[in-house]
Amino acid sequence: MNIAVCDDEVRGRERILTLLEKEFSQAQTCEFDSGMKLIEKVEEGYRPDIVLLDIAMEGMDGMETARRLRRMTDAILIFVTGVKEQVFEAFDVGAFHYLMKPVDQDKMLDVLRRAAQEIERRQSGPKYLLVKTEGSHRRIPVDDILYVENNGRKVILHMKTECLEYYERMNHLEDVLGDGFYRCHRGYLVALSAISGYDHESITVGQGDKIYLAKQKYSEFVKRYCRYLKE
C-alpha cells in the first residue's frame, strides 16, 4: 500500500509519518512539501493508494491539488488541516474523511484503518471486464470505467481515455461490477469512485460529464454514496 503525505509544514508531516511508521510499517510512504511536487510525481507514474493532504499550503493549495489528483487517480483522499471552512468542498472532490488539526491520534488511526479496508475491498473486486467488440475481445480495467450508458441492445463504457460500445445487458453489468457501481437511472450505471458532485437531478462524473439521477432514487443514492465514502 502506497501512502502519500502532503503538507508544507515539516512538523505536520513528521507527526503523520511517525504514526504511519509505528502502525502501518508495511506501507510505502512518500512525503511532499507542496501540492505541485505531488502532482508532478503522479504525472511521472507514482500511484498512491491513500493521500493525506493539508489544505492551507503555499502555492497550489490542497483543494486544487485534490481536484487535479481526481483527474489522474482514484486514491483515497484524507484532508488533515486546520481549515474547517472547506469541509463541503472536500465532499465535492470525494474526500474519504476530513480531520482537523491538531489531530487526535486515535481518530486518525481509525480513519486510516477504514481507508486500508477500503483499499482491500477495491482490490478484491473485479479488476477487468472481458468485452467483445468488432469481432475481437478486449480486457478492460474496471478502474478505468467512469460510467456505463444504456443504448438499446448495447451499452457504452465511458472510460478515462475513450468510449467503447458493445452488445451487453445493463442488468448483467450491474451484477458483475458490484458494489463499486450504482444504478442511478435505468440508463446509467456510475462508478462511485468517479463521482465529483451531484444534485437532485444529475451526477457529475470525472472531468464534468453529467448523467441523469432518477428522482425516486435520490435518497437511496445519497445514503449509498455517503456509506461508500465512510467505508
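Remember, it's a predicted structure, so these values are computed and weren't measured experimentally.

(A) Representation of the overall build of the protein in the model. On a plain count of helices and strands, the protein comes out with seven helices and 15 strands. The C-alpha radius of gyration computed for the protein amounts to 18 Å, which stays within 12% of the reference 17 Å derived for 231 residues, consistent with globular compactness. By principal-axis analysis of the C-alpha atoms, the protein measures approximately 55 × 35 × 30 Å. Taking all 231 residues of the protein together, 46% fall into the buried category. Residue pairs in contact within the protein that sit at least 24 positions apart in sequence constitute 50% of those at least 6 positions apart. Counting every atom, the protein has about 12700 Å² of accessible surface; 45% of that belongs to carbon and sulfur. The protein carries 35 positive and 40 negative side-chain charges, and their two centres are separated by 5 Å.

(B) Representation of the state of the cysteines in the model. Throughout the structure, instances matching the rule amount to zero disulfides. With no disulfide of its own, C30 lies 10 Å from the sulfur of C6, the closest cysteine sulfur. Counting only cysteine sulfurs, C226 is the nearest neighbor of C184, a cysteine outside any disulfide, at a range of 15 Å.

(C) How the structure looks around unusual backbone geometry. Note that the residue after K101, namely P102, is joined by a cis bond; omega there is -10 degrees. Examined against the element boundaries, P102 turns out to sit in the loop between β5 (97-100) and α5 (105-124).

(D) Here's a closer look at the nonpolar core. Grouped together as the largest cluster of nonpolar side chains are 36 residues, with contacts concentrated most on L129, V148, L157, V190 and I203. Tallying contributions element by element places helix α7 (residues 218-230) first for this core, with six residues. Residues contacting I203, with those up to four places away along its chain left out, are C184, V190, I195, G197, Y198, D209, K210, I211, L213 and F221. Grouped together as the second largest cluster of nonpolar side chains are 23 residues, F32, I55, M60 and Y98 included.

(E) Structural detail: the sheet that holds strand β4 (residues 76-81). Across the sheet, five strands lie side by side as β2-β1-β3-β4-β5; this open sheet has parallel pairing. Here the strands that pair on one side only, and so sit at the sheet edges, are β2 (28-32) and β5. Averaged over all pairs of adjacent strands, the angle between their axes in this sheet comes to 15 degrees, without regard to strand direction. Across four bridges, the pairing between β4 and β5 is parallel. Bridge pairing in β5 links F79 to Y98. Packed on one face of the sheet, helix α3 (residues 62-70) meets β3 (50-53) and β4 and runs near 175 degrees to β4.

(F) How the structure looks around the environment of G187. Structurally, the position occupied by G187 is in the loop between β11 (181-185) and β12 (188-191). What makes G187 buried here is its relative accessible area of 12%. A C-alpha to C-alpha distance of 8.1 Å links G187 and M170, two positions 17 residues apart in sequence. Setting aside residues up to four positions removed in sequence, G187 forms contacts with V148, E149, N150 and M170.

(G) Summary view of the pattern of salt bridges. All chains considered together, the criterion is met by 10 salt bridges. Residues D33 and K37 are paired through a salt bridge, measuring 3.1 Å at the closest nitrogen-oxygen approach. With a relative accessible area of 34%, D33 lands in the partly exposed category. Judged by relative accessible area, K37 falls into the partly exposed class, the value being 43%. When the shortest N-O distance is used, the salt bridge between D54 and K101 registers 3.5 Å. Of this pair, D54 sits in the loop between β3 and α3 while K101 sits in the loop between β5 and α5, placing them 47 residues apart in sequence. Judged by relative accessible area, which is 4%, D54 ranks as buried. Classification of K101 as partly exposed rests on a relative accessible area of 28%. One salt-bridge network, held together by shared partners, links D7, D54 and K101.

Here is what the cut-offs are and how they apply
Residues numbered from 1 in each chain as written. Predicted model: local features only at pLDDT ≥ 70, side-chain atom pairs only at ≥ 80, totals over all residues. Heavy atoms only, no water. Helix = DSSP H or I, 4+ residues; strand = E, 2+ residues; numbered from the N terminus. Rg over C-alpha atoms; globule rule 2.2 N^0.38 Å. Buried < 20%, exposed > 50% of the residue type's maximum accessible area, 1.4 Å probe, protein only. Contact = heavy atoms within 4.5 Å. Areas by Shrake-Rupley, 256 points an atom, 1.4 Å probe, with all protein chains shown as cover. Lys, Arg positive; Asp, Glu negative; His and termini not counted. Charge placed at Lys NZ, Arg CZ, Asp CG, Glu CD. Disulfide = S-S within 2.5 Å. Core = buried A, V, L, I, M, F, W, Y, C linked by side-chain atoms within 4.5 Å. Pairing = 2+ DSSP bridges. Axes fitted to C-alpha atoms, helices over the stretch in contact; angles between N-to-C directions. Salt bridge = Lys/Arg side-chain N within 4 Å of Asp/Glu carboxyl O.

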